Amino acid sequence: MSLDDQIQAVLGVYYQGLACKECGASVRIGEYECAHCGTDFEELLREWSGVIVNELEAQCGLDT
Ligand SMILES: [Zn+2]
């Protein structure tokens, strides 16, 4: 898998967007808590990072 393919995979997840589980407000990159309801995003960001890692692993698996 080329770097370009990996970048596309990460951007694909990024463009799907991220929303607060409590109030549904959109999450901006760099925010650690919801500007609307104050929910801590740590768990949400960890899950989101996991989705990106899984996506990369799935894409890499296709190459082998
Ligand atoms: Zn919220």
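Going by the structure above, here's the rest.
Residues numbered from 1 in each chain as written. Predicted model: local features only at pLDDT ≥ 70, side-chain atom pairs only at ≥ 80, totals over all residues.

### Concerning the overall build of the protein
- Scanning the protein from N- to C-terminus turns up 2 helices and 0 strands.
- In terms of overall size, the protein is more extended than a compact globule, its C-alpha atoms giving a radius of gyration of 14 Å where 64 residues would be expected to give roughly 11 Å.
- Dimensions of the protein, computed from the C-alpha atoms along their principal axes, are close to 45 × 15 × 15 Å.
- The burial tally for the protein puts 3% of its 64 residues in the buried class.
- The contacts in the protein between residues at least 6 apart in sequence include a share of 33% that link residues at least 24 apart. (Helix = DSSP H or I, 4+ residues; strand = E, 2+ residues; numbered from the N terminus. Rg over C-alpha atoms; globule rule 2.2 N^0.38 Å. Buried ≥ 20, exposed ≤ 12 C-beta atoms within 10 Å, placed from the backbone. Contact = placed C-beta atoms within 7 Å.)

### Some points on the environment of A58
- Here A58 shows up in helix α2 (residues 42–63).
- Under the C-beta neighbour-count criterion, A58 is labelled exposed, with 10 such atoms within 10 Å.
- Spatially, the C-alpha atom of A58 lies 29 Å from that of A25, the residues being 33 residues apart in sequence.

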